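For reference, the chains in residue letters:
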Amino acid sequence: MTVKQRYEEAKKKYAALGVDTDAVMEKMNEVKISMHVWQGDDIKGFLSDAELSGGISVTGNYPGAARTPEELRQDLEKAYAMIPGNHKLNLHAIYLDTEEQVDLNEIEPKHFEKWVSWAKEQGLGLDFNPTFFSHPMYKDGFTLASADKEVRDFWIEHGKRSRKVAEYFGKELGQVCVNNFWVPDGFKDNPIDRLAPRRRLMESLDEIFSEKLDEQYTLDAVESKLFGIGAEAYTVGSHEFYMGYGLTRNKLVCLDAGHFHPTEVISNKLSSLSLFSEGILLHVSRPIRWDSDHVVIMDDELQEIGRELVRNDLLPMTNIGLDFFDATINRVAAWVIGTRNTQKAIMKAMLEPIESLKEIELSGDYTTRLAMIEELKDFPFADVWNYYCESNGVPVGLDWLPEVKEYEKNILSAREATAGKDSCRFS
Ligand code: RNT
Ligand code: ZN
């Protein structure tokens with residue numbers, strides 16, 4: 001049977017439940033995933049040779065990491081060619097592409113021009129992140145919340161400039177650029193004063209956001225975290241901090257799946273957040289024990305995130321970004337696996353007979369609710385996904401893997417590791 005024939009069979013099965021698979025494929029084309037540039041080079045970027053810092057690190061030394069912006073773009077093109085749909089790229093300030101020697105408090109839109117012309121050529125949108133780590137001004141674990149005004153001022157300037165870059169991306173590409181602020185500030189051991197650093201972070205952010213920018217071009221987001229390596233006891237930008245900050249300042253609240261207690265899930269936060277905020281940013285990642293950033297797999301939580309977005313119709317207000325980095329496997333494959341899994345989870349949720357399930361729940365028939373949900377697990381979802389891939393001209397099933405292997409043989413293996421770092425990243 002061909003992929004199409006399998007799809008036709010699946011279509012009948014879903015139609016019997018009242019689910020229109022053709023409509024699902026159409027809807028899937030509207031779902032943009034913001035793929036994170038930093039999986040391609042283990043968050044090294046091109047600003048300097050500074051060691052990765054900020055409670056984050058990357059484990060592994062798989063050969064072939066991109067060493068230049070050109071190599072990174074080549075790898076990204078390879079990955080996007082194996083992912084159905086039109087998407088975005090999520091850049092970090094340290095990925096500037098310029099001959100000029102500029103520091104983080106000096107960045108300007110022109111330092112990112114090459115990314116913009118490439119994005120136009122590829123039909124991609126761009127998102128952005130100021131980089132509050134891997135820099136000598138990250139002092140004693142602090143940036144925007146530092147007690148030292150000089151340190152704060154450096155990072156405030158960086159934050160302000162990052163917004164100009166984001167605004168420029170939005171204007172140039174005709175789609176909004178989400179600018180996400182994640183700040184690693186925190187203490188390894190129990191602090192005496194938990195309040196003062198939070199007040200300083202609040203004030204620094206207020207200063208950064210004091211200029212009003214057109215929301216048609218850029219939206220600011222703020223990302224919380226429970227802890228990082230070296231900041232185990234206390235992170236200034238906790239979840240409560242940013243729930244309060246984001247909601248009172250009308251910023252997007254970013255939920256990173258790996259930034260909570262090990263059994264705490266972001267899927268159960270989306271509905272609440274949606275009631276009080278105008279928009280949501282997701283960092284889809286996968287926590288394992290203390291690490292927050294394993295490649296996204298088709299696990300229960302990913303599927304639950306997909307269901308929450310679809311069942312509650314939250315896709316229009318949600319910006320979906322990925323955030324993982326694994327340097328022990330082929331980095332292009334990591335992008336493909338994580339992005340396709342995220343799309344699959346959303347598609348799987350779209351293939352549920354949501355209205356009838358809601359009615360069953362309202363009628364109090366929890367027996368049928370459970371029986372239906374379990375039965376749906378055996379439905380031929382993969383036949384719809386495969387046809388979706390085929391219709392979009394990207395490899396079906398595992399057919400992308402030989403292509404990545406070929407690319408590794410011809411392109412990646414010719415690259416020599418630059419710094420030869422075998423670092424390790426936690427959280
Ligand atoms: C770190 C945050 C943050 C980073 C990126 C590189 O714990 O998740 O999103 O991963 O900014
Ligand atoms: Zn994140």
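Because the structure is predicted, anything quoted here is derived from the model rather than measured.

Moving on, we come to the domain arrangement of the chain. Split into domains, the chain comes out as domain 1 (1–19 + 353–412) and domain 2 (31–350). Relative to domain 2, the C-alpha centre of domain 1 lies at a distance of 29 Å. If you look at the interface, domain 1 gives 21 residues, while domain 2 gives 25 residues. Seen at the junction of domain 1 and domain 2, the total is one salt bridge. On the surface where domain 1 and domain 2 come into contact, there are seven residue pairs in polar contact (both at pLDDT 80 or more). Looking at the side of domain 1 that touches domain 2, the elements with two or more residues in it are α11 (354–362), α13 (381–391) and α14 (400–410).

Before going further, it helps to spend a moment on the packing of aromatic side chains. All told, the structure shown has 19 aromatic pairs when counted by the stated rule. Relative to W155, the ring of F132 has its centre 5.5 Å away and its plane inclined at 45 degrees; by these criteria the two rings are tilted. Placement of F132 in the loop between β3 (125–127) and α5 (149–173) and of W155 in helix α5 is noted, with a sequence separation of 23 residues between them. A relative accessible area of 0% means that F132 is categorised as buried. Using a relative accessible area of 0% as the deciding quantity, one classes W155 as buried. Ring plane angle 45 degrees and centroid distance 6.0 Å describe the contact between W385 and Y388, whose orientation is recorded as tilted. Placement of both W385 and Y388 in helix α13 is noted, with a separation of three residues, approximately one turn of the helix. According to the relative accessible area criterion, Y388 is buried, its value standing at 1%. Grouped by ring-pair contacts, the aromatic residues F132, F154, W155, F181, F209, F241, Y242 and Y245 constitute a single cluster.

What counts and how
- Residues numbered from 1 in each chain as written.
- Chains lettered and ligands numbered in written order.
- Predicted model: local features only at pLDDT ≥ 70, side-chain atom pairs only at ≥ 80, totals over all residues.
- Heavy atoms only, no water.
- Domains from an automatic or database assignment.
- Contact = heavy atoms within 4.5 Å.
- Salt bridge = Lys/Arg side-chain N within 4 Å of Asp/Glu carboxyl O.
- Polar contact = N/O pair within 3.5 Å; in protein donor to acceptor, adjacent residues only side chain to side chain.
- Helix = DSSP H or I, 4+ residues; strand = E, 2+ residues; numbered from the N terminus.
- Phe/Tyr/Trp six-rings, centres within 6.5 Å; stacked < 30°, edge-to-face > 60°.
- Buried < 20%, exposed > 50% of the residue type's maximum accessible area, 1.4 Å probe, protein only.

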